[in-house]
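# Chain and residue survey
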Amino acid sequence: MCNFCFIGVSSSVFARDTINIVGSSTVYPFATVVAEKFGKGSQFRVPKIESTGSGGGLKLFCQGLGVNTPDITNASRKIKASEIELCKKNSVNEIVEVKIGYDGIAIANSKKSAPVNLTLKEIFLALAKNVPNDKGKLIPNPYTHWNQINSNLPNQKIEVLGPPPTSGTRDAFVELAMEGGCKAFPSILKIKKEDKAKYKAVCHAMREDGAYIEAGENDNLIVKKLEKNPNAFGIFGFSFLEQNLDKVHGSKINNIEPNFSSIGDGKYPISRSLYFYVKKAHLDVIPGLKEYVLAFTSKNAIGPDGYLTDRGLIPLAPSEWKIVRNDTETMKTNI
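For clarity, every value in this text was computed on a predicted model and none was experimentally measured.

Here we take up the overall build of the protein chain. A count of helices and strands for the protein chain gives 15 helices and 13 strands. Taken along the three principal axes of its C-alpha coordinates, the protein chain extends 70 × 45 × 35 Å. Across the 335 residues in the protein chain, those meeting the buried criterion constitute 53%. Of the contacts formed within the protein chain by residues at least 6 apart in sequence, a portion of 74% connects residues at least 24 apart. Of the roughly 15400 Å² of accessible surface on the protein chain, 50% is carried by carbon and sulfur atoms. Averaged over its 43 positive side-chain charges, the protein chain has a centre that lies 3 Å from the centre of its 34 negative ones.

All of the buried residues in helix α13 (residues 289–296) are Leu289, Tyr292, Val293 and Phe296. For α13, the angular spread of the buried residues around the axis is 100 degrees, confining them to a single face.

This part covers the domain arrangement of the protein chain. Along its sequence, the protein chain is organised into domain 1 (20–102 + 272–330) and domain 2 (103–271). Its C-alpha centre places domain 1 at a distance of 28 Å from the equivalent point of domain 2. Of the residues lining the interface, 21 residues belong to domain 1; the matching set on domain 2 comes to 21 residues. With both sides pooled, the region where domain 1 packs onto domain 2 buries about 1500 Å², and carbon together with sulfur makes up 50% of that total. Looking only at domain 1, the three residues that lose the most surface to domain 2 are Ser25, Arg272 and Ile314, adding up to 41% of its buried area. At the junction of domain 1 with domain 2, the criterion picks out 3 salt bridges. Here Lys80 and Asp171 are joined by a salt bridge, their closest N and O atoms 3.8 Å apart. Applying the counting rule to domain 1 against domain 2 returns 9 residue pairs in polar contact (both at pLDDT 80 or more). Secondary-structure elements contributing two or more residues to the side of domain 1 that touches domain 2 are α3 (54–61) and β13 (271–279).

The next point concerns unusual backbone geometry. Phi is positive for Asn255, close to 70 degrees, though the residue is something other than glycine. Along the polypeptide, Asn255 turns up in the loop between β12 (252–253) and α12 (260–264). Positive phi outside glycine occurs at Met331, with the angle close to 50 degrees. Among the secondary structure elements, Met331 is positioned in the segment after α15 (318–330). A relative accessible area of 3% places Met331 in the buried class.

Another aspect to go through is α3. By the criterion of burial, α3 is predominantly enclosed, with 6 of the 8 residues buried. Within the span of α3, buried status applies to Ser54, Gly55, Gly56, Gly57, Leu58 and Phe61. Residues of α3 that are buried make contact with β1 (20–23), β3 (72–75), α4 (81–89), β4 (95–110), α7 (168–182) and β13.

Counted according to the given criterion, the structure contains 2 disulfides. Across the disulfide from Cys62 sits Cys87; the S-S distance is 2.0 Å. Of note, the bridge from Cys62 to Cys87 carries an S-S torsion of about -70 degrees and is left-handed in sense. Placement of Cys62 in the loop between α3 and β3 and of Cys87 in helix α4 is noted, with a sequence separation of 25 residues between them. Between the sulfur atoms of Cys182 and its disulfide mate Cys203 the distance is 2.1 Å. Judged by the torsion about the S-S bond (-85 degrees), the Cys182/Cys203 disulfide is left-handed. A residue pair is termed long-range when its members are at least 10 positions apart, and Cys182 in helix α7 and Cys203 in helix α9 (residues 196–204) qualify at 21 residues. Accessibility expressed as a relative area gives 0% for Cys182, which makes it buried.

The rules behind these values
- Residues numbered from 1 in each chain as written.
- Predicted model: local features only at pLDDT ≥ 70, side-chain atom pairs only at ≥ 80, totals over all residues.
- Heavy atoms only, no water.
- Helix = DSSP H or I, 4+ residues; strand = E, 2+ residues; numbered from the N terminus.
- Buried < 20%, exposed > 50% of the residue type's maximum accessible area, 1.4 Å probe, protein only.
- Contact = heavy atoms within 4.5 Å.
- Areas by Shrake-Rupley, 256 points an atom, 1.4 Å probe, with all protein chains shown as cover.
- Lys, Arg positive; Asp, Glu negative; His and termini not counted.
- Charge placed at Lys NZ, Arg CZ, Asp CG, Glu CD.
- Arc of directions from axis to C-beta.
- Domains from an automatic or database assignment.
- Buried area = accessible area lost by both parts, 1.4 Å probe.
- Salt bridge = Lys/Arg side-chain N within 4 Å of Asp/Glu carboxyl O.
- Polar contact = N/O pair within 3.5 Å; in protein donor to acceptor, adjacent residues only side chain to side chain.
- Disulfide = S-S within 2.5 Å.

Here it is as structure tokens:
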């Protein structure tokens, strides 16, 4: 069976006339703005973009080559080794990784309630499936209210709306926030020395008793629910927080506010890089694909004064941008 029906056949027979993009809900708003400007300012059609989550997008991206598969997948985390292997298994061997900037993950609540100051340890104790007791033994999470964890926190039921396992935001959150809080417990660090897989399972496992609520890939839905329930918190990217500051505010994490400068300089504890991935094999077949990539990585889009910074994207350092730009101009495969 042909994995890539473009090969050996006239591209005019099979080629789509629209770029097909899937992936991260966090990168989606940035990609949408680029796509709209690209469609208006070029001879090419506006790319089709679907918000499937980083994991879901990479799964679709790695299914193979050809018009029925995506040309690009957006990701709010780096591609995993297992995903690279899936791509290779399906003949997706040449991939261009494009880093577009940075984002922070906010823990926000309604402006009808006061903002809070959380530590990574407190986040872990609130949301982990199992936590250590006074003797260091892991037990099912007993905390039902925030003030049970810290008396300075509100006497409110722990109720946090967040992304599903297919989301890059979820992946980054468990790695940076949950595992960051996990490291505060000597008894759990001891597990790491003995069994790294068990350690990761303990640190990354989220509650399933209703305290953590999977709210899908739609961040707008989370904001609406926070407006209706001032006692709840939501987890989403900083760019989305910034777009909704009239409705919600972000919590301080380890005394650091989520803002443009704290994320850009790495001081905010839950910060991450944003990417998209391109199938090199599709470049000469899908009209406008290379041009779209160059439009996205232009200084006008992702530079320090680029239009995406107005949408909440934290820009790359100038030296880093030059590397990204050079790699996209040459379409260097870097996976």
